[in-house]
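Residue-level structural notes
So you can see what is in the structure, the chains are spelled out below.
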Amino acid sequence: MQTQTQTSTEPLAAEEKIQRLREIFADAPQIAKTALENKIRDLASHMSEPRSQMESAGRTGSRQGKVSELTLILPFAPGGAQRLRALLQAQNGNFDDADKVGTVHDMRFVFLDDTKLRLATAYDGDWDPYIDDFATKIPDIMDIAFSAFEGWPGIHSPEVKDWIAKHQITAEGWFVANPDLTVARTRRLERIGKALDEFLDKISA
């Protein structure tokens, strides 16, 4: 009986969301209203049968499947922007330290007028273990990089998680192409693919 109740309410929920969108877009430019009507059927399908759903990553942030997101807006301390930019330029895209964590999909450092930094990353699992991994596996680079920001307490400080959470903004919308593909599984598939390619090359030679 419980399954039947859930099934019967899903289309209604989708209809309510569509109606809400139409109400909110009532004063939008006509080009947006026309495009919305063109996409109504697709939107309703996505709402009633989503490929994956956004849920909590733990203390803060969102997760889809096994992949979570973290976005920080961080104010620079005096001289911090110059120091962090020099560090990033010296690394020249080499983030072997972050790779040691083992769950990081990507990281983006975006300077906002040299007053703030937008740091965005995707990772596997929950928020607390992710922060713990940085503290235990790459503490020095964390203190080198994050000392660029106002109020950084140090990676081993008991206040560090509160500091990070205070500057984190949870994504309202977020696309994940492969929500169930972890970093470890991606690397395993790469190894399998490479071995298969080598095998096929040998038998075709």
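Please refer to the structure placed before this passage.
Below or above, wherever it landed, is the structure these notes cover. Throughout, a residue's number is its position along its own chain's written sequence, starting from 1. Only residues with pLDDT of at least 70 get local features here, since the model is predicted, and only at 80 or more are side-chain atom pairs given and counted; chain-wide, interface and lining totals rely on the full set of residues. Neither water nor hydrogens contribute to the side-chain values; these are computed over all heavy atoms in the structure.

1. Some thoughts on a positive patch on the surface
For patch detection, residues must exceed 30% relative accessible area and be free of salt bridges, and they are connected within 9 Å for like charges or within 5 Å for nonpolar side chains (Val, Leu, Ile, Met, Phe, Trp, Tyr). All accessibility values rest on the Shrake-Rupley procedure with a 1.4 Å probe; residue burial counts only the protein chains present in the view. Whenever a carboxyl oxygen of Asp or Glu lies within 4 Å of a side-chain nitrogen of Lys or Arg, that contact is scored as a salt bridge. Think of it this way: Lys and Arg go in the positive column, Asp and Glu in the negative one, and His and the chain ends go nowhere. Positions of charges follow a simple convention, taking NZ of Lys, CZ of Arg, CG of Asp or CD of Glu. Positive charge collects at one region of the surface, where Lys-66, Arg-185, Arg-188 and Arg-191 lie side by side. Looking at where Lys-66 falls in the secondary structure, it is placed in the loop between strand E2 (62-64) and strand E3 (67-75). In this structure Lys-66 comes out as partly exposed when scored by relative accessible area, which is 47%. Helix and strand definitions here come from DSSP, where helices need a minimum of 4 consecutive H or I residues and strands a minimum of 2 consecutive E residues; each element is numbered from the N-terminal end. Buried means the residue's accessible area, taken with a 1.4 Å probe over protein chains only, is under 20% of the maximum for its type, while exposed means over 50%, and partly exposed covers the values in between.

2. Section: the sheet that holds strand E1 (residues 54-56)
A sheet is described by the order of its strands in space; here 5 strands give the open sequence E1-E2-E3-E5-E4, paired in antiparallel fashion. For this open sheet the edge positions go to E1 and strand E4 (104-112), each flanked by a neighbour on one side alone. For this sheet, the mean angle separating the axes of adjacent strands, direction not counted, is 25°. Bridging between E2 and E3 involves 2 bridges; their strand directions are antiparallel. Its bridge partner lying in E3, Gln-64 is registered against Val-67. Should DSSP find at least two bridges between two strands, the strands are taken to pair. Axis definition: a line fitted to C-alpha atoms, limited for helices to the stretch in contact. Angles are taken between N-to-C directions and run from 0 to 180 degrees.

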